[in-house]
Amino acid sequence: MMDVLPYLVAAWVFLVGCYGLATSRNLIHGVGCLAVCQTATYVLLLAVGYRKGGTSPVFADFTPGARPVVDPVVQALALTDVVVGATVTALLLALVIQVAKRHHTLDPDELSELRG
Amino acid sequence: MNHLLPLAVATPLMGAALLVAAGRFVPRVVAEAVGGAVAAATAALTLYLLLAVPSPVIEWVGGWTPHHGHSVGIVLHADHLALGMAALVSLLVLAVLVYSWRYFDEPPRKHAGSFPALVLLFQAGMCGFVLTGDLFNAFVFFELMGVVAYALTGYRVEAAKAVQGGLTFGVVNSLGAYAMLLGIGLLYSRTGELAMRHIGAALDARGAPDALVLAAFVLLLTGLLVKAAAVPFHFWLPDAHAVAPTPVCMLLSGVMVELGVYGTARVYWTIFAGPGGIPPEAVTRTLLTFGVLSAAVGAVMCWYQRHVKRLLAFSTVAHTGLFLIGLGLLKPEATGGIALYVLGHAGVKAALFACAGILLDRYGSIDEYELHGRAPELRLTAVYFAAGGLALAGLPPFGTALGKAVTEEAAGPWLAAVFVLVSAVTGGAVLRVTARVFGGFGPAPADDAECETSGEREQPETEQQLTRVPDTMLAVPGALLAGALLVGVVPAVRSAVGSAADEAAAGVTVIPVPPHWSAAGMLLGVLSAALAAALALLAVRRPQHTRSRHWVDPLRLLHSGHIGDYVAWTVAGTALLGALAVSGVLR
């Protein structure tokens, strides 16, 4: 059970983010929900790299191979993912500010110029 | 091994950095010339690698080559198809920079370098995405081109519609990208590899696919199909295309959406095509379902648009559907045909957007009804528009027609009928716009609809409304249409594209006959062009109905412009994708 728990958590976090995004009544909240979806990817990546009894993959105080370490590749991936996420969130929030300035609302229900 | 390969990504990146740093201090002409020169240099480099270096070009970046079959480095894997796409991207970027030469009104007035810098970043993202052989790297480039595209879509921040379209585009595409990243994580957990070929080999070594491989396939395809704008993942595309600046639309519709199809093909061929992947019947069923759905919805919605750029956007949805059908057939002939179709379509669609931009900047409107009969003096633009419509419908000898004919032959009679109908309707819609706007034919349409996007009262993208169309704006669509024509006419191009597709596709050992014109294909092409002309004629001549209800109204109401709805549809599409893939595996 404990082996699959992180994967279930990742799936739940992703879906709950999608639910929040689909029902959002505020664009800032919506961008936040998108960030929640992204945290699912962090959970998944770190769960993939976990080794039982492993320590952090820093070889400053012991020789490589002396004891198990967690997978450093997924940590690099998660770090890249954080950078990507920060870029996306910043840009989307900047667009939300512009939407607020031009449309004078943050409610997606009131944005109705593009349809059909 | 060729160490020049990473430069195809690094050159535009460095050009963009240079323009951002120095753009503040140089006049606009210099900034734009530097941007054009960098794009041209990248195009020359990709063409050199494509034509003069034996394929495939493989480069482990930084010399991190695999040890004992395991890799931690990042690999660029460029076969002819990948280099061909990179060359197409670079040439189109060059065309876009020439088109926007001195005309485009760039909001940060004191920073001349920002628009060309963003376009170069976009180019770097797209080139990186096609050239990389590493799955996580593909995600990073996918997001890079995505983020730049959101920024470019909302570039004119003073326009209310533009920021809304950019935001929708951003949310839906990023959600797709995160789904893709979940799939990548699952594949890494199974194989411990990130290089696509190594993942494929490791999956095959483990035997038949299980639920984890299936989930990874569904999640990866969700991301790629969101980019490819397959129905029901497509809702962001018309909203983004209707509002993005015209030069950006040329890139979005011309190549970026097609890169979703390319990514689907690449991921399937290198990872999931073996015995440890997804069975071919399941892939065929999945891609044909999404393809036919996209083609049908795209064509119907395209016909009922009055906003010209939105009309062209839905035509892109329809054609991407056709590409997915051709890809899903998993036949070498169809793959070669699709590669030609994508090449021809890029030229034609970019040319049509360029012409729509001319209308917008000359008349301050992009609405078919409002522009009725107002543009008879733009003769050359009218010729381009009509030629583009006919090429979209599949009139020989355009490259679109050749690709369509070759794919139709491999697809069998029923799917061939879909190809003919969809191309006729999308081409017919463009011809209808040509007849009304440039010819002033028929009665002026009544302005009665409520549930649609009109293109009235749009701001021109130039500093003031144009009185005379600049030569660069006229030369670019002409050159693009000529390029689409050459794809169909020059035998060397079609045999090269055919062999590139064969080389990239999985499991093709015998090189079949290269794509060629056949009598039946020519006839079907002429038939769909004639059908398009007839449809346009009927639409123009028909008296205007002012019916309160119409059978497509429910479909149009689904395109609500609401981010929450679009996210819900994306999740529903993922569920459909999963159901189709599972049913194929269980059988």
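Refer to the structure presented above.
(A) Expanded view of the overall build of chain B. Of regular secondary structure, chain B possesses 21 helices and 2 strands. Computed over its C-alpha atoms, the radius of gyration of chain B comes to 23 Å, within 12% of the 25 Å expected for a compact globule of 587 residues. Dimensions of chain B along its principal axes, counting C-alpha atoms only, are 70 × 60 × 50 Å. Looking at the 587 residues of chain B, the share that counts as buried comes to 64%.

(B) Quick peek at the overall build of chain A. Along its length, chain A carries 3 helices and 0 strands. In sequence order, chain A lays out its α and β elements as α-α-α. Computed over the C-alpha atoms, the radius of gyration of chain A is 19 Å, more than 25% above the 13 Å expected from 2.2 N^0.38 for a compact globule of 116 residues. Overall, chain A is about 60 × 30 × 20 Å in size when its C-alpha atoms are taken along their principal axes. Out of the 116 residues belonging to chain A, those deemed buried represent 40%. When contacts within chain A are restricted to residue pairs at least 6 apart in sequence, those whose partners lie at least 24 apart make up 51%. With an accessible surface of roughly 6200 Å², chain A has 68% of that area assigned to carbon and sulfur atoms.

(C) Focus on the interface of chain A and chain B. At the junction of the two partners, chain A supplies 38 residues and chain B supplies 50 residues. Where chain A abuts chain B, roughly 3900 Å² becomes buried across the two surfaces, and 77% of that area is made up of carbon and sulfur atoms. A per-residue breakdown of the area chain A buries against chain B is headed by A:L114, A:R115 and A:G116, which together make up 20% of the total. Counting the contacts that link chain A with chain B gives 0 salt bridges. Mapped by element, the contributors of at least two residues to the side of chain A that touches chain B are α1 (5-23), α2 (27-49) and α3 (72-103) of chain A. Ranked by residue count, the leading element in the side of chain A that touches chain B is α3(A), at 17 residues. Here the residues of the side of chain A that touches chain B sort into 24 nonpolar, 8 polar and 6 charged.

(D) Just the packing of helix α3 (residues 80-99) of chain B against helix α13 (residues 332-363) of chain B, in detail. Residue and element names in this part refer to chain B. Between α3 and α13, the shortest axis-to-axis distance is 12 Å and the interhelical angle comes to 10°. Taken as axis vectors, α3 and α13 run roughly parallel relative to one another. Every residue of α13 that contacts α3 at L81, L88, L92 and Y99 is listed here: A339, L343, A346, A350, A354, G357 and I358. Split by residue class, the contact of α3 with α13 holds 10 nonpolar, 1 polar and no charged.

(E) Focus on unusual backbone geometry. All names here are of chain B. A cis amide bond, omega 5°, links V231 with the succeeding residue P232. Examined against the element boundaries, P232 turns out to sit in the loop between α8 (211-228) and α9 (236-243). P397 follows P396 through a cis peptide bond whose omega is 0°. For P397, the position within the fold is in the loop between α14 (379-393) and α15 (399-411). Residue A229 is not a glycine yet carries a positive backbone phi of 55°. Relative to the elements of secondary structure, A229 occurs in the loop between α8 and α9. Backbone geometry places L330, a non-glycine residue, at a positive phi of 55°. Tracing the chain through its elements places L330 in the loop between α12 (308-328) and α13.

(F) Region of the structure containing the packing of aromatic side chains. All names here are of chain B. Under the counting rule described, the total for this entry stands at 12 aromatic pairs over all chains. Judged by centre distance (5.0 Å) and plane angle (75°), the rings of F217 and F272 are edge-to-face. Taken together, the residues F217 in helix α8 and F272 in helix α10 (residues 246-272) connect sequence positions 55 residues apart. Accessibility expressed as a relative area gives 0% for F272, which makes it buried. Connected via pairs of aromatic rings, a cluster forms that spans Y150, F169 and W236. Across the ring face of W303, the terminal group of R432 is positioned such that the distance to the ring centre comes to 4.8 Å.

(G) Representation of the pattern of salt bridges within the structure. A full pass over the atoms with the stated rule returns 12 salt bridges over all chains. Here B:R436 makes a salt bridge to B:E368, at a shortest N to O gap of 2.7 Å. Within this pair, whereas B:R436 is found in helix α16 (residues 413-439), its partner B:E368 is found in the loop between α13 and α14, the two being separated by 68 residues in sequence. Each member of the pair, B:R436 as well as B:E368, is classed as buried. Connected via shared salt-bridge partners are A:R25, A:D107 and A:D109.

(H) Quick look at the packing of helix α4 (residues 114-131) of chain B against helix α5 (residues 135-153) of chain B. All names here are of chain B. The interhelical angle for the contact between α4 and α5, taken along N-to-C directions, is 155°, at an axis separation of 8 Å. Regarding the angle of α4 to α5, the classification is roughly antiparallel. Crossing of α4 against α5: the hand is left-handed. Residues F115, L118, L121, F122, A124, G125, M126, G128 and F129 of α4 lie in contact with α5, whose contacting residues are A138, F141, F142, L144, M145, V148, A149, A151 and L152. In terms of residue class, the contact of α4 with α5 is made up of 16 nonpolar, 2 polar and no charged.

(I) Structural view of α13(B). All names here are of chain B. Between the first and last C-alpha of α13 there are 46 Å, a value that for 32 residues agrees with the 46 Å anticipated at 1.5 Å per step. Counting buried residues along α13, 29 of its 32 residues qualify, which places the element largely inside the surrounding structure. Following α13 by one or two positions, G364 has its phi on the positive side, about 65°.

(J) Geometry of a nonpolar patch on the surface. Residue and element names in this part refer to chain B. Residues L4, L7, M14 and Y48 make up a contiguous nonpolar surface patch of about 360 Å² in total accessible area. In this structure, L4 sits in the segment before α1 (7-22). By relative accessible area, which is 32% here, L4 ends up partly exposed.

(K) The side chain of B:T222, seen in detail. Among the structural elements, B:T222 can be located in helix α8. If near-sequence neighbours (up to four positions away) are discounted, B:T222 is found in contact with B:A179, B:F233, B:T574 and B:L577.

(L) How the structure looks around the nonpolar core. Residue and element names in this part refer to chain B. By size, the foremost hydrophobic cluster in this structure holds 228 residues, and its most contacted members are F122, L131, W236 and F272. Ranked by the residues each element gives to this core, the list is headed by α13, at 19 residues. Core analysis: the next-biggest nonpolar cluster, separate from the first, contains 5 residues, A393, L431, A532 and A536 among them.

The rules behind these values
Residues numbered from 1 in each chain as written. Chains lettered and ligands numbered in written order. Predicted model: local features only at pLDDT ≥ 70, side-chain atom pairs only at ≥ 80, totals over all residues. Heavy atoms only, no water. Helix = DSSP H or I, 4+ residues; strand = E, 2+ residues; numbered from the N terminus. Rg over C-alpha atoms; globule rule 2.2 N^0.38 Å. Buried < 20%, exposed > 50% of the residue type's maximum accessible area, 1.4 Å probe, protein only. Contact = heavy atoms within 4.5 Å. Areas by Shrake-Rupley, 256 points an atom, 1.4 Å probe, with all protein chains shown as cover. Buried area = accessible area lost by both parts, 1.4 Å probe. Salt bridge = Lys/Arg side-chain N within 4 Å of Asp/Glu carboxyl O. Nonpolar A, V, L, I, M, F, W, Y, C, P; charged D, E, K, R; others polar. Axes fitted to C-alpha atoms, helices over the stretch in contact; angles between N-to-C directions. Parallel < 35°, antiparallel > 145°, perpendicular 65-115°, else oblique. Phe/Tyr/Trp six-rings, centres within 6.5 Å; stacked < 30°, edge-to-face > 60°. Lys NZ or Arg CZ within 6 Å of the ring centre and 35° of its normal. Left-handed = near helix turned anticlockwise from the far one by under 90°. Expected span 1.5 Å × (residues − 1). Patch = residues over 30% accessible without salt bridge, like charges linked within 9 Å, V, L, I, M, F, W, Y side chains within 5 Å. Core = buried A, V, L, I, M, F, W, Y, C linked by side-chain atoms within 4.5 Å.

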